[in-house]
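Structural features, examined
Listed below, chain by chain, are the residues.
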Amino acid sequence: MPIHPTAQIDRGAEIDPAAEIGPFCIIEPHVRIAAGVRLRANVYVCRGTTVGANTVVHPNAVLGDAPQDVSYRDALSYT
């Protein structure tokens, strides 16, 4: 499946050849994208994230970053 020419993929990312990366997606280093994954337009995948097989991610999603929830407290700061 194709990787759109406008996608920005770090050289340290692992993309399965059977994955589809849509327009304007950004993939940071140490990301793993499994077979059958479809990242539609404008998906941002943060460092160290793994996306499992056959996952479909819809436009404008951010994976692997803190949620946009104002009540969220970083769990690492409480250990």
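The notes below deal with the structure included here. (Residues numbered from 1 in each chain as written. Predicted model: local features only at pLDDT ≥ 70, side-chain atom pairs only at ≥ 80, totals over all residues. Heavy atoms only, no water.)

To continue, consider the pattern of salt bridges. Tallied over the entire structure, the rule returns two salt bridges. Where R32 meets E14, a salt bridge forms, and the shortest distance between an N and an O atom there is 3.5 Å. Taken together, the positions of R32 in strand β5 (residues 32–33) and E14 in strand β2 (residues 14–15) put the pair 18 residues apart, joining distant regions of the chain. Taking the relative accessible area as the measure of exposure, E14 reaches 46% and is therefore partly exposed. A salt bridge links R38 to E20; the shortest N-O distance between them is 3.7 Å. Of this pair, R38 sits in strand β6 (residues 38–39) while E20 sits in strand β3 (residues 20–21), and the two are 18 residues apart along the sequence. The partly exposed category is assigned to R38, whose relative accessible area is 34%. With relative accessibility at 26%, the residue E20 sits in the partly exposed group. (Salt bridge = Lys/Arg side-chain N within 4 Å of Asp/Glu carboxyl O. Helix = DSSP H or I, 4+ residues; strand = E, 2+ residues; numbered from the N terminus. Buried < 20%, exposed > 50% of the residue type's maximum accessible area, 1.4 Å probe, protein only.)

A few words now on unusual backbone geometry. A positive phi angle, near 65°, is found at F24, a position not held by glycine. For N54, which is not glycine, the phi torsion reads 65° and is therefore positive. Tracing the backbone shows N54 in the loop between β8 (50–51) and β9 (56–57).

Side chains of a nonpolar character, in soluble globular proteins, are inclined to be buried together. Within the largest apolar cluster, 14 residues are counted, with the highest numbers of intra-cluster contacts made by I21, I27, I33, L39 and V45. Look past the residues within four positions of L39 in its chain and what remains in contact with it is E20, I21, G22, C25, I27, I33, V45 and V57. (Core = buried A, V, L, I, M, F, W, Y, C linked by side-chain atoms within 4.5 Å. Contact = heavy atoms within 4.5 Å.)

Moving on: the sheet that holds β6. Strands sit in the order β3-β6-β9 across an open sheet of three strands; the sheet is parallel. Edge positions in the open sheet fall to β3 and β9, since each of these has one partner strand only. In the sheet, β6 pairs with β9 via two bridges, with the strands oriented parallel. Each bridged residue has a counterpart across the sheet, and for L39 the counterpart in β9 is V57. (Pairing = 2+ DSSP bridges.)

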